[in-house]
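# Survey of secondary and tertiary structure
Here are the chains, one letter per residue:
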2 protein chains.
Amino acid sequence: MRSDARKNYDHLLSIAREAVAERGADASLRDIARRAGVGLATLYRHFPTREALLEALLRSTLDELAQKAADLQSSKTSDEALTLWLRDAVAFVQGYHGVVAVMAAALEDADSALHASCTNLRSAGENLLIQAQADGKARADLDGIDLFALIGALGWVGDQPAFNSRVDRIMRVVADALLASK
Amino acid sequence: MRSDARKNYDHLLSIAREAVAERGADASLRDIARRAGVGLATLYRHFPTREALLEALLRSTLDELAQKAADLQSSKTSDEALTLWLRDAVAFVQGYHGVVAVMAAALEDADSALHASCTNLRSAGENLLIQAQADGKARADLDGIDLFALIGALGWVGDQPAFNSRVDRIMRVVADALLASK
DNA sequence: ACCTGAACACCGTTCAAGT
DNA sequence: ACCTGAACACCGTTCAAGT
């Protein structure tokens, strides 16, 4: 990449980070380009789709979250690991309004720029779930996608101003449900 | 209302019903007016806000759902009533993409056209929850707003194509969590 | 190789002008 | 009393033209 292009790329990404934190996953791309002082087509050149932009923004965080699952798995009991990771995953999802809907779509769309990161994340959570199930600590009738859906649902709850203050409590209810013996 | 106005009103409402069923709660108002063969300002005259349109669309269904809660309360045991009503509420929410986010906002906004219907619905569910709690059949650490949030969360799950097939299962998990003894 | 401005086809919302 | 068309300020996406 040419150095002027690199500079635009980095600057766009940092402006986009602010915009997505403020406005959520469907922040105006036009506005991001404008605030970055760059032509709109330049944004499209670097990030051909919204998913590509979000992927560049979130990849490292998503990878860390997946890594965290592996770490917990080797350092905690399976039920603790699942509970603690759920808390981390929900905390992440809370940080970016609406991003989890995009991630849910990416899970099914192999062409999405976010597909690999999301599949990786699903798989990381799935491993925790499987271990807890094998230990008889988690409900046997759920899989990794259900776990992803539950995290997404908690993200949605947190995105609603009316419910935002209740996320922690509702998350505990969900955690209890996951870890029920049924 | 003049008879030509009444005709426009009714026709707009029936077109809007189709559009919202197809496209969800943020269906294009412009498109609704166009399909109804009416000027856009005519739509705004009859329904000054999107909430006003949704209210006209959903009021009777929402009232029925609240009534259903009362019926179940007097005909079933408290835990059965809560489970059955949850199922109905989730089925409703599934029918209209994104509508539950608007309803969540309306719960907090006393000026919203949907405020009364949503408060009424929350209150109906709350009664079922309180009864079940009094019978020691439901978790004591949740209230009517939490119940509303859980229904909304299940609506969100159903709105994601990747998760849609899992709604019933996840709803059962939530129901079990609600009815846990904790 | 990279960038820009303008174009196209959409929105929601408001308002002056018509009957 | 009711309706319409046009205007305004936004979108996302694409593409010819510039350096």
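Above this note sits the structure.
Summary of the structure given here. (Residues numbered from 1 in each chain as written. Chains lettered and ligands numbered in written order. Predicted model: local features only at pLDDT ≥ 70, side-chain atom pairs only at ≥ 80, totals over all residues. Heavy atoms only, no water.)

### A short note on the relation of the copies chain B and chain A
Cut-off, in case you're wondering: Copies overlap after least-squares fitting; the atoms used are the C-alpha atoms of residues with pLDDT of at least 70 in both.
You can overlay chain B on chain A at an RMSD of 0.0 Å; the transform is a turn of 180 degrees with a shift of 0.0 Å along its axis. Between the two chains, the operation in question is that of a two-fold axis.

### Thoughts on the protein's contact with DNA strand C
Using the following cut-off: Nearness of a residue to a molecule or strand requires only that one of the residue's heavy atoms be within 4 Å of it. Pairs of N or O atoms within 3.5 Å make up the polar contacts considered here, provided that, within protein, one atom can donate a hydrogen while the other can accept it, and that residues adjacent in sequence are counted only when both atoms are side-chain atoms.
The immediate surroundings of DNA strand C are formed by 21 residues, with Asn8, Gly39 and Thr42 of chain A together with Arg30 and Tyr44 of chain B found nearest. The share of sugar and phosphate among atoms of DNA strand C within 4 Å of the protein is 55%. Measuring from a phosphate oxygen of DNA strand C, one finds a backbone N or O atom of Gly39 of chain A at 2.8 Å. Contacts to DNA strand C include Arg30 of chain B, whose side-chain N or O atom sits 2.3 Å from a base nitrogen.

### Concerning the environment of Leu114 of chain B
Put simply, the rule is: Note on conventions: DSSP H or I runs of at least 4 residues are helices, E runs of at least 2 residues are strands, and numbering of each starts at the N terminus. Here, two residues are considered to be in contact whenever any of their heavy atoms come within 4.5 Å of each other.
The residue Leu114 of chain B is located in the loop between helix 6 (99-108) and helix 7 (115-134) in this model. Discounting residues that sit within four places of it in the chain, Leu114 of chain B has contacts with Glu51, Leu54, Glu55, Leu62, Val102 and Ala106 of chain B.

### Overview of the environment of Arg35 of chain A
Residues and elements named next belong to chain A. With respect to the helices and strands, the residue Arg35 is situated in helix 2 (residues 29-35). As for Arg35 and Tyr9, which are separated by 26 residues in sequence, their C-alpha atoms are 13 Å apart. If we skip the residues at most four places from it in the chain, Arg35 touches Ile15, Glu18, Ala19 and Glu22.

### Thoughts on the pattern of salt bridges
Basically, it comes down to this: Counted as salt bridges are all cases of a side-chain nitrogen of Lys or Arg within 4 Å of a carboxyl oxygen of Asp or Glu.
This model, assessed by the stated rule, comprises 30 salt bridges over all chains. In this structure, Arg166 of chain A engages Asp146 of chain B in a salt bridge whose closest nitrogen and oxygen atoms are separated by 2.8 Å. Of this pair, Arg166 of chain A sits in the loop between helix 8 (144-159) and helix 9 (167-178) while Asp146 of chain B is found in helix 8 (residues 144-159), placing the two residues in two different chains. Three or more residues joined by partner-sharing salt bridges are found here, namely Glu18, Glu22, Asp31, Arg34 and Arg35 of chain A.

### Focus on the protein's contact with DNA strand D
Here is the rule: Gly is placed with the polar residues, together with every amino acid not listed as nonpolar (Ala, Val, Leu, Ile, Met, Phe, Trp, Tyr, Cys and Pro) or charged (Asp, Glu, Lys and Arg).
Within the structure, DNA strand D sits among 21 residues, and Arg30, Leu40 and Tyr44 of chain A together with Asn8 and Thr42 of chain B are positioned closest to it. If you look at DNA strand D and keep only atoms within 4 Å of the protein, 55% of those are sugar or phosphate atoms. In the model, a phosphate oxygen of DNA strand D is placed 3.3 Å from a nitrogen or oxygen of the His46 of chain B side chain. Contributions of two or more residues to the surface near DNA strand D are made by helix 2 and helix 3 (40-46) of chain A together with helix 1 (3-23) and helix 3 (40-46) of chain B. Broken down by element, the residue count for the surface near DNA strand D peaks at four residues, all from helix 3 of chain B. Its residues assigned to classes, the surface near DNA strand D comprises nine nonpolar, five polar and seven charged.

### Concerning the side chain of Gln160 of chain B
Looking at where Gln160 of chain B falls in the secondary structure, it is placed in the loop between helix 8 and helix 9 (167-178). Leave out the neighbours within four places in its chain, and Gln160 of chain B touches Ala101 and Ala104 of chain A.

### Some words on the nonpolar core
To keep things clear, this is the line we draw: Here, nonpolar core means buried Ala, Val, Leu, Ile, Met, Phe, Trp, Tyr and Cys residues that are tied together by side-chain atoms lying within 4.5 Å of each other. With a 1.4 Å probe rolled over the protein chains alone, any residue whose accessible area is under 20% of its type maximum counts as buried; one over 50% counts as exposed, and the rest are partly exposed.
Counting residues in hydrophobic clusters, the biggest one holds 142 residues, and the most contacted among them are Trp85 of chain A together with Trp85 of chain B. If we ignore the near neighbours within four places in the chain, the residues touching Trp85 of chain B are Leu65, Lys68, Ala69, Leu72, Leu121, Gly125, Leu128, Leu147 and Ile151 of chain B.

### Remarks on the packing of aromatic side chains
Cut-off, in case you're wondering: Note on ring pairs: Phe, Tyr and Trp rings are taken, using the six-membered ring of Trp, and paired if centres are within 6.5 Å. Classes follow the plane angle, with under 30 degrees stacked, over 60 edge-to-face and the rest tilted.
Tallying each qualifying case throughout the model produces eight aromatic pairs over all chains. Between Tyr9 of chain A and Phe47 of chain A, the aromatic rings sit 5.0 Å apart at their centres with planes inclined by 35 degrees, giving tilted as the arrangement. Of this pair, Tyr9 of chain A sits in helix 1 (residues 3-23) while Phe47 of chain A is found in the loop between helix 3 and helix 4 (50-75), placing the two residues 38 residues apart along the sequence. Take Phe47 of chain A: its relative accessible area is 3%, and that puts it in the buried class. Here the aromatic rings of Phe92 of chain B and Tyr96 of chain B are separated by 5.9 Å at their centres, their planes lie at 50 degrees, and the arrangement is tilted. An aromatic cluster of at least three residues, connected via ring pairs, comprises Phe148 of chain A together with Trp156 and Phe163 of chain B.

### Comments concerning the packing of helix 4 (residues 50-75) of chain B against helix 6 of chain B
Residues and elements named next belong to chain B. How we decide: Fitted lines through C-alpha atoms serve as axes, helices being fitted only where they are in contact, and the angles separating the N-to-C directions of these axes extend from 0 to 180 degrees. Each angle gets one of four labels, with under 35 degrees taken as roughly parallel, over 145 as roughly antiparallel, 65 to 115 as roughly perpendicular, and the rest as oblique.
Running from N to C, helix 4 and helix 6 cross one another at 95 degrees; their axes reach a closest spacing of 12 Å. Between helix 4 and helix 6, the crossing angle belongs to the class labelled roughly perpendicular. Of helix 6, the residues touching helix 4 (which contributes Glu51, Leu54, Leu58 and Leu62) are Val99, Val102 and Met103.

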